[in-house]
Amino acid sequence: MTLKELKSSGITFTNSQVILLHIGGLIESNNDLLHTTMPIFNEEQTKSIRTLSRAIAQTAYTETESDWAAFIKEIKKRRLQKNAYSLVFSYVLDGKIWEKELPTYESLQNSTTWSGAFWALYDKRPNSSCGTNMFDSFYQTWSYSLQYWLDSETITKINDEYKQNKKITDKNLLDKCMEWGLADKNGNVTIPVIKEDNNDPLVKISDIIVAKIASCLNRHAGAFMKEYGLSNENLAKVILYHEVMWDMMDILVTGKIISEPDILKGKESAKKQDFGQIAYIKE
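Values in this document were obtained by computation on a predicted structure and should not be read as measured data. (Residues numbered from 1 in each chain as written. Predicted model: local features only at pLDDT ≥ 70, side-chain atom pairs only at ≥ 80, totals over all residues. Heavy atoms only, no water.)

S.K.: Residue-level account of the pattern of salt bridges, with values.
M.R.: What the rule picks out here adds up to 17 salt bridges. Its salt-bridge partner being arginine 78, residue glutamate 74 comes within 2.9 Å of it at the nearest N-O pair. Given a relative accessible area of 28%, arginine 78 falls into the partly exposed group. The partner of arginine 125 in a salt bridge is glutamate 243, and the shortest N-O contact between them spans 2.7 Å. Taken together, the residues arginine 125 in the loop between α4 (84-100) and β3 (130-135) and glutamate 243 in helix α8 (residues 233-254) connect sequence positions 118 residues apart. There is no split in this pair, since arginine 125 and glutamate 243 are both buried. Salt bridges linked by common partners bring Arg50, Arg125, Glu243 and Asp247 together as one network. (Salt bridge = Lys/Arg side-chain N within 4 Å of Asp/Glu carboxyl O. Buried < 20%, exposed > 50% of the residue type's maximum accessible area, 1.4 Å probe, protein only. Helix = DSSP H or I, 4+ residues; strand = E, 2+ residues; numbered from the N terminus.)

In structure tokens form, the structure reads like this:
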């Protein structure tokens, strides 16, 4: 499509936007014809990809079922079962696996303005609305329907206070933490604190889980790359894992291994204190 055809289609844009897309490596032009450089999967391809990802996730779950059971057992031992959903998603599936097993965004594409990957599928999943926000050592699971949002300024203060004192000592900040379910009256944090060393059983179990999931994924990455004409295997792994991740969450929820907190669902029954169910600290 040319710029003239783009204008006549009713899509509004500025020349500076087009230039930025060129600089960012997201579009190319040849004889005035513009085209995107990112992979775009149509409806049929998306269905095929999700059939594959479901199969990979099911295999991975079979191989990690006992490990997930050990993970949940360890959480219950620490009386943190209400944090299970957040820890499974944000700490393991959206966190540790990227740190330990899968390609970093720097290894994908480096342009003038960004590093990482873009792609598009048709259509979005109905149950893939979660993400993870990181504020140094403070992590929070979010969703588009999240009932209560704690402002980033307060979270940053909590992070800094905990790093300095290993508890909340400022009275005003403590009042806020108690209101949001993050600390008790003595200033001790009530959310999970994960110590990233080899002596923490939760870390050990998580490392085993992500290694097994990555192994299942890697067995299909080469064929996936070739089938869809992707530029490299790292990109194939990133795209495919973003589907496998949601399938694994579906399997764990359907199997009643974990359950989504009301605060993430946006239910009226959710309370501000429930924010503590979707936050944790990593040291």
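S.K.: A description of unusual backbone geometry should follow, citing residues and the corresponding values.
M.R.: Across the junction of tyrosine 122 and aspartate 123, the peptide omega takes the value -5°, indicating a cis bond. The phi dihedral of asparagine 31 falls on the positive side, at around 55°, and the residue is not glycine. Assignment of secondary structure puts asparagine 31 in the loop between β1 (27-30) and β2 (33-36). Using a relative accessible area of 69% as the deciding quantity, one classes asparagine 31 as exposed. Backbone geometry at arginine 79 places phi at a positive 60°, although glycine is not the residue there. Along the chain, arginine 79 falls in the loop between α3 (43-77) and α4.

S.K.: Any details on the side chain of asparagine 83? Residues and values, ideally.
M.R.: By the secondary structure assignment, asparagine 83 is in the loop between α3 and α4. The class for asparagine 83 is buried, based on a relative accessible area of 6%. Apart from the residues within four sequence positions on either side, asparagine 83 is in contact with Pro192, Gly276, Gln277, Ile278 and Ala279. (Contact = heavy atoms within 4.5 Å.)

S.K.: Explain the nonpolar core to me, using residue names and the numbers behind them.
M.R.: Counting residues in hydrophobic clusters, the biggest one holds 78 residues, and the most contacted among them are Trp68, Phe71, Leu93, Phe138, Leu182, Tyr241 and Phe275. For this core, the leading source of residues is α8, giving 13 residues. Contact partners of tryptophan 68, with chain neighbours within four places excluded, come to Tyr61, Val88, Val92, Leu93, Ile209, Ile213, Met248 and Leu252. (Core = buried A, V, L, I, M, F, W, Y, C linked by side-chain atoms within 4.5 Å.)

S.K.: Lay out helix α7 (residues 201-227) in plain terms, naming residues and giving numbers.
M.R.: A rise of 1.5 Å per residue sets the reference length of α7, with its 27 residues, at 39 Å; its end C-alpha atoms lie 40 Å apart and thus fit the reference within 8%. Largest kink in α7: about 40°, centred on alanine 221. Backbone nitrogen of leucine 202 and a side-chain oxygen of the N-cap are separated by 2.9 Å at the start of α7; the cap is aspartate 200. In the segment just after α7, glycine 229 is the residue with positive phi, at about 60°. (Expected span 1.5 Å × (residues − 1). Bend = angle between axes of the 7 residues up to and from the residue. Polar contact = N/O pair within 3.5 Å; in protein donor to acceptor, adjacent residues only side chain to side chain.)

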